[in-house]
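# An overview of the molecular structure
Take a look at the letters that make up each chain.
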Amino acid sequence: MMQEGRDWDRLVINRKDTTGEERVIGHTQIRKGGIAKVTGTAQYGSDVDLPGQLYAAVARSPYPHARILQINTQEAAALSGVRAVITGADCPTLFGSFIADQPIVARGKVRYQGEPVAAVAADTQEIAREAARLIQVEYEQLPVVNDLETSMKNEVLVHEDWSQYDCSSACFPVQGTNIGDQYHLKKGDVEAGFAQADEIVESDFTCGMLQHTTIETHTATAQADPISGEIHIWVPAQSPFSNRGLIAKTFHVPMEKVRLTVTEIGGGFGGKYEAKCEPIAVALSLKAKGRPVKLTYGRDEEFAATVCRSPVHIHMKTGVKRDGTLTAQKVEIQWDAGAYVTTNPRVDYNAGFAANGPYKIPNAQVDAYVYMTNKTLGTAYRGFGVTEVATAHERQMDRIAEKLGIDPLELRLKNVLQNGDVGITGEIMQTMAVKECLETAAANIGWKDLPDRWTDEEGNLCGKGIACFNKLTGTPSTTSVLVKMNENGSLYIMSASTEMGQGVTTTLPQIAAETLGMALEKISMAPVDTAITPYDKTTTSSRSTFHSGNAVLEACEDIKKQLCRLAAIKFGVAPEDVTYTADGYIQGRARPEQRIHINDVGTSGILHEQLPVVAVGRYGTSDIFDPPPVDGRQSKRPTVMWMHGAQAAVVAVNPKTGRVHVKKVGAAHDVGKAINPTGCLQQIEGSIIMGLGHALMEEMIYEDGKLRNGNMVDYKVPTFMDSDVEMKITLVEQAHPEGPYGVKGIGEPGLAPTAAAIVNAVCHACDADFTSIPIKPEHILFRKERGHASEV
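About the cut-offs
- In this convention, every chain numbers its residues from 1, walking through the sequence in written order.
- At least 70 in pLDDT is required for a residue's local features to be given in this predicted model, at least 80 for side-chain atom pairs to be given and counted, and no such filter applies to totals for whole chains, interfaces and linings, which use all residues.
- Side-chain metrics in this entry use all non-hydrogen atoms of the structure; hydrogen atoms and water are not considered.
- Secondary structure elements are defined from DSSP: runs of H or I of at least 4 residues count as helices, runs of E of at least 2 residues count as strands, and each element is numbered from the N terminus.
- In this description the radius of gyration comes from C-alpha coordinates, and the expected globular size is given by 2.2 Å times residues to the power 0.38.
- Summary of the burial criterion: residues with accessible area below 20% of their type's maximum are buried, those above 50% are exposed, and those between are partly exposed, where the area comes from a 1.4 Å probe applied to protein chains only.
- In this description, contact between two residues means that some pair of their heavy atoms is separated by no more than 4.5 Å.
- We get accessible surface area from the Shrake-Rupley algorithm with a probe of 1.4 Å; when it comes to residues, only the shown protein chains can shield them.
- The charge count treats Lys and Arg as positive and Asp and Glu as negative. His and the chain ends do not count.
- We put the charge of a Lys on NZ, of an Arg on CZ, of an Asp on CG and of a Glu on CD.
- Axis definition: a line fit to C-alpha positions, over the contact stretch in the case of helices; interaxial angles, taken between N-to-C directions, run 0 to 180 degrees.
- Should an angle fall under 35 degrees it is taken as roughly parallel, and over 145 as roughly antiparallel, whereas 65 to 115 is taken as roughly perpendicular and any remaining angle as oblique.
- Crossings are assigned a handedness: left-handed for a near helix turned anticlockwise from the far helix by less than a right angle, right-handed for a clockwise turn.
- Here the term charged refers only to Asp, Glu, Lys and Arg, the term nonpolar to Ala, Val, Leu, Ile, Met, Phe, Trp, Tyr, Cys and Pro, and the term polar to all other amino acids, Gly among them.
- Think of pLDDT as the predictor's per-residue confidence, scored from 0 to 100.
- Definition of nonpolar core: a set of buried residues of the types Ala, Val, Leu, Ile, Met, Phe, Trp, Tyr and Cys, connected through side-chain atoms within 4.5 Å.
- Expected helix span is taken as 1.5 Å per residue step, with the number of steps being one fewer than the number of residues.
- Any carboxyl oxygen of Asp or Glu that lies within 4 Å of a side-chain nitrogen of Lys or Arg is treated as forming a salt bridge with it.
- Any pair of N or O atoms that falls within 3.5 Å is considered a polar contact. Within protein, one atom must be able to donate a hydrogen and the other to accept it, and sequence-neighbouring residues count only if both atoms are side-chain atoms.
- Pairing between two strands is assigned when DSSP locates at least 2 bridges connecting them.

The next thing to look at is the overall build of the chain. If you tally the helices and strands in the chain, you get 18 helices and 35 strands. Here the C-alpha atoms of the chain give a radius of gyration of 27 Å, agreeing with the 28 Å that 2.2 N^0.38 yields for 792 residues. Considering only C-alpha atoms, the chain reaches an extent of 85 × 75 × 50 Å along its principal axes. Residues classed as buried in the chain amount to 63% of the 792 residues present. Within the chain, counting contacts between residues at least 6 apart in sequence, those at least 24 apart form 79% of the total. When the accessible surface of the chain is summed, it comes to about 29,500 Å², and 50% of that surface belongs to carbon and sulfur atoms. Counting 78 positive and 96 negative side-chain charges, the chain places the centres of these two groups 2 Å from one another.

Below is the structure:
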């Protein structure tokens with residue numbers, strides 16, 4: 001049931017044709033797996049406990065950039081209970097998602113504070129930690145590349161020679177520089193577009209470094225047989241098949257010898273997209289002669305030595321007519337990606353396509369660069385860079401509106417992409433509902449009845465803000481599922497779409513139940529295991545329900561055919577004389593009274609001593625994908641699915657303390673089709689609180705390459721005390737023609753416009769132009785006001 005008091009609505013623009021009234025999809029269902037989680041019986045990565053298991057600890061560099069002169073592990077190895085010690089000498093192979101630039105354990109030099117220099121496996125966690133403390137390392141400190149400005153000078157190189165690394169075709173480092181990747185988009189002629197403009201608006205915006213702060217830290221348990229080469233890893237992974245390939249390559253074993261069993265995932269948000277603990281745990285297990293080794297990071301390690309959302313600087317130059325028509329926009333993006341490239345090329349790519357927002361811009365250019373510094377590693381974060389560029393381009397739209405004296409909402413509505421418009425890559429856009437999302441989000445806070453800024457009865461400075469976005473999903477990609485009917489007529493779905501809170505283990509059974517006319521409680525999901533589960537590229541990019549849902553649809557259609565063949569045997573007719581009805585009956589064409597409902601198949605006898613009812617479904621997007629050329633990134637179909645939405649915010653700022661209270665957020669997101677409405681609402685509600693933290697609180701602070709606030713006391717995240725935000729959410733349904741039942745993604749989109757809407761509201765409230773997030777109380781107290789008359 002819907003949460004009591006939840007204020008939400010549904011706006012249906014276009015439905016995908018279905019065979020009848022929906023029974024299961026479109027209706028709120030109890031989340032499968034929810035009871036196990038709230039009762040504490042769900043098994044997470046750190047719950048793995050194997051016979052003979054050892055425990056690991058890591059010795060880490062105290063310096064952000066230093067040459068390793070000598071490592072002495074003798075005292076650690078001699079400690080009673082220590083079973084294995086490894087250093088870089090034991091792990092010569094480099095790894096990485098896009099470029100193999102990262103050692104398992106540092107070799108020769110360290111590139112960030114907290115980088116592993118050795119690791120230990122012991123009988124207990126306490127012994128392992130003590131042994132790690134006993135490892136002695138002699139360093140020669142090197143100049144530190146602490147920030148973008150230093151990195152761009154290329155006077156000190158974090159990586160001296162990019163050519164020594166194995167690099168994929170999707171990564172573009174620049175030799176002799178700190179640039180680890182680059183992206184360039186060009187549509188039309190921006191200089192000609194600027195010449196046509198009446199006004200030019202230029203601005204800069206910066207987003208701080210964020211930690212994923214998942215409830216569950218990184219963990220992995222590995223058992224690696226040094227004789228057979230077989231490797232089994234238990235891990236909370238977002239991308240089990242990608243990680244399987246990486247582990248196989250890194251340890252030089254055939255892929256079929258590597259198995260990943262995915263545990264429950266206690267939060268991902270992109271932080272568990274790529275391998276982190278796994279290579280160290282495998283290396284230790286090999287050194288310990290095949291004994292299983294568990295490595296679980298503490299919260300301090302999570303901050304200093306895992307992954308983060310990269311800080312970024314964005315420069316925007318926009319040409320606009322006096323009536324508000326955009327003529328050109330040029331965007332330059334500079335990512336501070338930390339010490340290793342990791343998955344930043346994909347962040348660069350996704351953000352590049354989203355950097356101009358969901359607007360009609362005839363002339364556009366994006367130049368984005370990934371710069372290396374001596375900091376912890378930047379990686380995927382919910383949205384893959386889209387939230388950051390949305391905050392910048394939506395702040396820019398407000399600046400333009402102010403310069404022209406146009407209402408910020410009206411400026412957006414004038415320029416927003418609609419069906420049939422030409423998008424940023426030359427694509428003819430379809431299933432667009434940004435206009436409806438903007439209008440609805442604005443209405444949800446009463447936009448037209450509110451001034452830009454006012455003072456409330458308590459003396460707080462109040463303001464409103466609005467923002468929208470667009471985001472593509474990763475294309476091309478492939479997803480396969482296996483759907484199996486058990487002897488009792490229940491259904492089992494095997495899919496590698498991992499559950500990490502987004503609700504995929506509920507939505508996929510819903511799709512199967514709707515397609516087959518089956519009771520939802522008879523359908524369950526198998527645990528994800530690469531030895532059993534069919535291939536899926538990754539659980540990222542808000543793609544799971546779209547891709548896996550399509551694969552489930554295909555498999556269920558095959559299930560129907562198989563059941564018709566089995567029923568034909570019982571009915572004594574030819575298979576073509578049996579049909580499957582929309583309401584779940586398998587019945588004879590000539591004699592409709594001969595029929596079996598799908599829920600009764602288990603007791604009907606048609607499964608007894610017959611071929612198993614098993615079906616494979618696959619969905620891939622290679623056939624529709626028009627690869628965007630590196631030179632310009634123009635494409636008629638760069639993605640199978642664009643996602644978009646809008647949010648509006650009302651804030652109250654205490655002028656004495658500088659504290660910001662987000663009073664109200666109105667949201668409208670085009671979900672295509674809400675398979676499980678409460679699940680969609682939960683994604684958006686959680687995103688709003690998460691985005692509040694990004695806008696006002698969260699920032700990892702580095703000085704000379706050293707993290708100064710790597711703990712949950714000094715790094716501020718929203719708590720329940722900050723969640724007193726009045727929310728009104730509208731689920732917009734503009735059906736996608738290729739989505740299962742019209743669905744689009746919502747896992748990441750809920751976060752994309754939140755910080756932007758809050759920043760615009762705070763700027764209006766304070767009559768100031770804040771150019772970075774988070775906006776902290778000290779920024780507000782020492783702001784420069786622009787001198788507008790306050791409205792009451």
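The discussion continues.
Moving on to the packing of helix α16 (residues 677–696) against helix α17 (residues 754–766). Relative orientation of the contacting elements α16 and α17 amounts to 50°, with a least axis distance of 8 Å. Our classification of the angle between α16 and α17 gives oblique. Judged by the sense of rotation from one axis to the other, the crossing of α16 with α17 is right-handed. Of the residues in α17, those touching α16 at Ser 687, Ile 688, Gly 691, Leu 692, Ala 695 and Leu 696 are Thr 754, Ala 755, Ile 758, Val 759 and Val 762. Across the contact of α16 with α17, the residue classes break down as 8 nonpolar, 3 polar and no charged.

All right, on to the confidence of the model for the chain then. Looking at the chain, the pLDDT average stands at 96 and 98% of residues meet or exceed 70. Note that residues 1–5 has pLDDT below 50 and, in this model, 7 contacts with residues that lie over four places away or in other chains.

Attention now goes to the nonpolar core. Of all hydrophobic cores here, the largest spans 117 residues; its most connected members are Ile 333, Leu 438, Val 651, Leu 696, Ile 758 and Val 762. Element by element, the count of residues in this core is highest for α17, at 10 residues. Apart from the residues within four sequence positions on either side, Leu 696 is in contact with Val 660, Val 662, Ile 758, Val 762, Pro 774, Ile 775 and Lys 776.

In an α-helix there are 3.6 residues to a turn, and that puts residues three or four apart on one side. The terminal C-alpha atoms of helix α13 (residues 504–516) lie 18 Å apart, and with 13 residues this matches the ideal 18 Å at 1.5 Å per residue to within 8%. Most of α13 is tucked away: 13 of the 13 residues are buried. Gly 517 lies just past α13 and shows a positive phi near 70°.

Next up on the list: the pattern of salt bridges. Evaluation of the coordinates by the stated rule reveals 34 salt bridges. For Glu 733, the salt bridge is made with Arg 10, and the minimal N-O distance between the two is 3.2 Å. Highlighted residues: Glu 733 in strand β34 (residues 726–734) and Arg 10 in strand β1 (residues 8–14), separated in sequence by 723 residues. Taking relative accessible area as the criterion, Glu 733 reaches 1% and is therefore assigned buried. Judged by relative accessible area, which is 28%, Arg 10 ranks as partly exposed. A salt bridge links Glu 726 to Lys 664, with the nearest nitrogen and oxygen atoms 3.7 Å apart.

This brings us to the side chain of Thr 506. Relative to the helices and strands, Thr 506 resides in helix α13. Residue Thr 506 is classed as buried on the basis of its relative accessible area of 1%. From its side chain, Thr 506 meets the backbone nitrogen of Lys 32 in a polar contact 2.9 Å long. For Thr 506, the contacting residues outside a window of four places in its chain are Gln 29, Ile 30, Arg 31, Lys 32 and Asn 676.

Now for the side chain of Ser 541. In this fold, Ser 541 is placed in the loop between β25 (523–525) and α14 (544–571). The exposure class assigned to Ser 541 is buried, which follows from its relative accessible area of 6%. Apart from the residues within four sequence positions on either side, Ser 541 is in contact with Phe 384, Lys 471, Leu 472, Thr 473, Gly 474, Met 643 and Glu 748.

As a further point, take the sheet that holds strand β3 (residues 66–72). The 3 strands lie next to each other as β7-β3-β9, forming an open sheet whose pairing is antiparallel. Looking at strand neighbours, the two that pair on one side only are β7 (109–110) and β9 (136–141), the edges of this open sheet. In terms of strand pairing, β3 meets β7 through 2 bridges, oriented antiparallel. Each residue of the ladder has a partner; that of Arg 67, found in β7, is Lys 109.

Let's shift gears to the sheet that holds strand β19 (residues 364–371). Whether parallel or antiparallel, the strands of a sheet pair through hydrogen bonds between backbone atoms. Taken in spatial order, the 6 strands make up an open sheet running β10-β19-β18-β17-β11-β35, and their pairing is mixed. Whereas interior strands pair on both sides, the edge strands pair on one side only; in this sheet they are β10 (179–187) and β35 (772–773). As judged from the 8 bridges shared by strand β18 (residues 326–336) and β19, these two strands associate in the parallel manner. Within β19, the residue paired with Val 331 across the bridge is Val 366. Helix α10 (residues 386–404) contacts β11 (199–207), β17 (312–320), β18 and β35 of the sheet and is inclined by roughly 145° relative to β11.

This part takes up α10. Given a rise of 1.5 Å per residue, 19 residues ought to cover 27 Å, and the 27 Å separating the end C-alpha atoms of α10 matches this to within 8%. The buried count for α10 comes to 17 of 19 residues, which makes it a mostly enclosed element. In the segment just after α10, Gly 405 is the residue with positive phi, at about 70°.

Here we come to unusual backbone geometry. With an omega of 5°, the peptide bond between Thr 475 and Pro 476 qualifies as cis. Considering the arrangement of structural elements, one finds Pro 476 in the loop between β22 (461–472) and β23 (478–485). With an omega of 5°, the peptide bond running from Ile 773 to Pro 774 counts as cis. With phi around 55°, Glu 609 is a residue other than glycine that occupies positive phi space. In this fold, Glu 609 is placed in the loop between α15 (601–604) and β29 (614–620). Although it is not a glycine, Arg 633 sits at a positive phi angle of roughly 60°. Here Arg 633 lies in the loop between β29 and β30 (642–653).

What follows is about the packing of α13 against α14. Remark: α13 packs on α14, axes separated minimally by 9 Å, with the N-to-C direction vectors making an angle of 35°. Regarding α13 and α14, the two cross each other, and that crossing is right-handed. Here Val 504, Thr 507, Leu 508, Ile 511, Ala 512, Thr 515 and Leu 516 of α13 lie close against α14, whose contacting residues are Ser 544, Thr 545, Ser 548, Gly 549, Val 552, Leu 553, Cys 556, Glu 557, Ile 559 and Lys 560. Partitioning the contact of α13 with α14 into residue classes produces 9 nonpolar, 6 polar and 2 charged.

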